[in-house]
Amino acid sequence: HAAAVAAASPPRSRDDMRLAKFERLLSANNLDLDGLRQASWSGIPPSVRHTVWMLLCGYLPANKERREVTHERKREEYRGFVDRYYESRLENANEKTFHQISIDVPRTIPSVPTFQHEAVQKFFERVLYIWAIRHPGSGYVQGINDLVTPFFAVFITPHLPEGASVEQFDDMSQIDEDILFEVEADSFWCMSKLLDGIQDNYTFAQPGIQTKVRALSELVSRIDEPLYSHLGQNDVQFLQFSFRWMNCLLMRELPFRCTVRLWDTYHAEPEGFASFHLYVCAAFLETFSAELRSLSDFQQLMFCLQSPPTGDWTHKQIDLLLAEAYRLKYMFHGARNHLA
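Residues numbered from 1 in each chain as written. Predicted model: local features only at pLDDT ≥ 70, side-chain atom pairs only at ≥ 80, totals over all residues. Heavy atoms only, no water.

Where do I start with the overall build of the protein chain in this structure?
Counting secondary structure elements, the protein chain contains 17 helices and zero strands. What you see for the protein chain is a C-alpha radius of gyration of 21 Å, in line with the 20 Å of a compact globule of 340 residues. If one aligns the C-alpha atoms of the protein chain with their principal axes, the spans along those axes are about 70 × 65 × 40 Å. The 340 residues of the protein chain split such that 51% are buried. Within the protein chain, contacts between residues at least 6 apart in sequence are counted, and of these 74% link residues at least 24 apart. Taking the average place of the 34 positive charges on the side chains of the protein chain and the average place of its 44 negative ones, the gap between the two points comes to 5 Å. (Helix = DSSP H or I, 4+ residues; strand = E, 2+ residues; numbered from the N terminus. Rg over C-alpha atoms; globule rule 2.2 N^0.38 Å. Buried < 20%, exposed > 50% of the residue type's maximum accessible area, 1.4 Å probe, protein only. Contact = heavy atoms within 4.5 Å. Lys, Arg positive; Asp, Glu negative; His and termini not counted. Charge placed at Lys NZ, Arg CZ, Asp CG, Glu CD.)

Below is the structure:
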């Protein structure tokens, strides 16, 4: 009888089986975080991505019973921050910070119409301003505005009409204000967790980025000496192109859909946004090695490095990029002291 039932039910697709695995992990009273990281490394099903990101970045607890209470408490805490800090944006001491944020927000991923919506821009302004006020050691730095967007996109997606994606959806008036505020609070906390791990990227003179740029240069000199020499011969310095790669985590070089997929792995990988990103940047440069070596003009090289031809990239190219980054990490991670 069981065999007959099995024969009658359609074979489950690979996506269905992956989703079932995530649902099984998420339903446990005490979450197996290592198991969740392992499953997430090669991509998270969109229907559970919002929950998985919140768990992997440490915003929600592994204990299922405590999850809802914690979630509610953190959202209320953020509401308190808005009430307490947001009015101060008009004070002289904070005017400059808020002015810079209000200039940067409309420029944030202009290719996605949702981000141009007034309610969404106000959301970004509040998140960025409150984070800056609560982190006086770094304050607001250009580039941090990009880092809110993947969280917003992933956390708002469950509230969009079925089948809609942030990249196509532009009628934010359909989204209830309370829902939007919950997404704002979740985005604030998760962005804060991410930035805690890369804080030295944004403190005075951005020493974390300077160190990573030097490490990238050293790594490329070992894995692709012909490209390294070619860039040097044409007066291209790594700081000129890879500062932005580190500052905005390659978000400006990749289509938005690819960033979200990349971040699945960054959340799953220990120090994903910090040290693993270095290997992703090296793999990214390797991808365009032949093309770059065929160019012998500084302007052309810089254009290719700052606007690489990734417009048609999908998850497939990201999977290949991540596989190469993992290989490099495996080869060089023990030698990180030589790459500093």
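What's the story with the packing of aromatic side chains in this structure? I'm lost.
Centre-to-centre distance and the angle between the planes together describe a pair of aromatic rings. Enumeration over the complete set of coordinates arrives at 31 aromatic pairs. An angle of 80° between the planes, with centres 5.7 Å apart, marks the rings of Trp 53 and Phe 151 as edge-to-face. Of this pair, Trp 53 sits in helix α4 (residues 46–56) while Phe 151 sits in helix α8 (residues 144–156), and the two are 98 residues apart along the sequence. Classification of Trp 53 by relative accessible area gives buried; the value is 0%. (Phe/Tyr/Trp six-rings, centres within 6.5 Å; stacked < 30°, edge-to-face > 60°.)

I'm lost on the nonpolar core in this one. Help?
Most often, soluble globular proteins keep nonpolar side chains buried together rather than apart. Counting 112 residues, the largest nonpolar core has Tyr 78, Phe 152 and Trp 263 as the members making the most contacts within it. Top contributing element to this core by residue count: helix α14 (residues 272–287), with 11 residues. Not counting residues up to four positions away in its chain, the partners in contact with Phe 152 are Thr 114, Phe 115, Val 120, Phe 123, Phe 124, Met 172, Leu 180, Val 183 and Ser 187. (Core = buried A, V, L, I, M, F, W, Y, C linked by side-chain atoms within 4.5 Å.)

Hey, could you run me through α4 in this one?
Residues three or four positions apart in an α-helix share a direction because the helix packs 3.6 residues into each turn. Taken across its 11 residues, α4 has eight buried, putting it largely inside the fold. Turning to α4, its buried residues are Val 48, Arg 49, His 50, Val 52, Trp 53, Met 54, Leu 55 and Leu 56. Those residues of α4 that are buried are in contact with α2 (14–27), α3 (33–40), α5 (64–85), α8, α9 (177–197) and α13 (256–268). After α4 finishes, the residue Gly 58 shows a positive phi value of roughly 85°.

I tried to follow helix α6 (residues 92–104) on my own but got confused; where do I start?
Turning to α6, its buried residues are Asn 94, Phe 98, Ile 101 and Asp 104. Buried positions in α6, seen along its axis, are confined to an arc of 120° and lie on one side of it. In α6, the exposed residues that point more than 90 degrees away from the buried face are Asn 92 and Lys 96. Summarising the contacts, the buried residues of α6 are in contact with α7 (118–134) and α8. (Arc of directions from axis to C-beta.)

Please clarify how the pattern of salt bridges should be interpreted in this entry.
Two side chains that carry opposite charge are able to pair once their charged atoms sit near each other. Tallied over the full model, the rule gives 15 salt bridges. Arg 126 is paired through a salt bridge with Glu 184; the nearest N and O atoms lie 2.8 Å apart. Of this pair, Arg 126 sits in helix α7 while Glu 184 sits in helix α9, placing them 58 residues apart in sequence. Here Glu 184 falls in the buried class, since its relative accessible area comes to 1%. Linking Glu 269 and Lys 329 is a salt bridge whose minimum nitrogen-to-oxygen distance equals 2.3 Å. Here Glu 269, found in the loop between α13 and α14, pairs with Lys 329, found in helix α17 (residues 315–332); they are 60 residues apart in sequence, far enough to count as distant. Accessibility expressed as a relative area gives 19% for Lys 329, which makes it buried. A cluster of three or more residues bridged by salt bridges with shared partners is formed by Arg 75, Glu 182 and Asp 186. (Salt bridge = Lys/Arg side-chain N within 4 Å of Asp/Glu carboxyl O.)

I tried to follow the packing of helix α10 (residues 207–223) against α14 on my own but got confused; where do I start?
Packed helix pairs are characterised by how far apart their axes lie and by the angle those axes make with each other. Where α10 meets α14, the closest approach of the two axes is 10 Å, and the angle between their N-to-C directions is 45°. Between α10 and α14, the angle is such that the two are oblique. The hand of the α10/α14 crossing is right-handed. Of α14, the residues touching α10 (which contributes Lys 212, Ala 215, Leu 216, Leu 219, Val 220 and Ile 223) are Ala 274, Leu 278, Tyr 279, Cys 281, Ala 282, Leu 285 and Glu 286. (Axes fitted to C-alpha atoms, helices over the stretch in contact; angles between N-to-C directions. Parallel < 35°, antiparallel > 145°, perpendicular 65-115°, else oblique. Left-handed = near helix turned anticlockwise from the far one by under 90°.)

Can you walk me through the packing of α2 against α3 in this structure?
Between α2 and α3, the least distance of the axes is 10 Å, while the angle of their chain directions is 160°. Considering the angle they form, α2 stands roughly antiparallel to α3. Once α2 is placed against α3, the crossing between them reads as left-handed. Residues Arg 18, Lys 21, Phe 22, Leu 25 and Leu 26 of α2 form the contact with α3, whose own contacting residues are Gly 35, Leu 36, Ala 39 and Ser 40. Looking at side-chain class alone, the contact of α2 with α3 contains five nonpolar, two polar and two charged residues. (Nonpolar A, V, L, I, M, F, W, Y, C, P; charged D, E, K, R; others polar.)

Looking at this model, I keep getting lost on the state of the cysteines. Mind explaining?
Between two cysteines, a covalent bond joining their sulfur atoms is known as a disulfide. A complete count under the given rule lists zero disulfides for this structure. There is no disulfide at Cys 190, and the cysteine sulfur nearest it, in Cys 57, is 3.5 Å away. Exposure remark for Cys 190: the relative accessible area of 1% places this residue in the buried category. (Disulfide = S-S within 2.5 Å.)

Explain unusual backbone geometry here, please?
Trans is the prevailing form of peptide bonds, just as negative phi is the prevailing case for residues other than glycine. Unusually for a residue other than glycine, Ala 205 sits at a positive phi of about 70°. At Asp 235, a position not held by glycine, the phi torsion is positive, near 60°. With respect to the element layout, Asp 235 can be found in the loop between α11 (225–233) and α12 (238–247). With a relative accessible area of 58%, Asp 235 lands in the exposed category.

These values are about where atoms sit, not about what they do.
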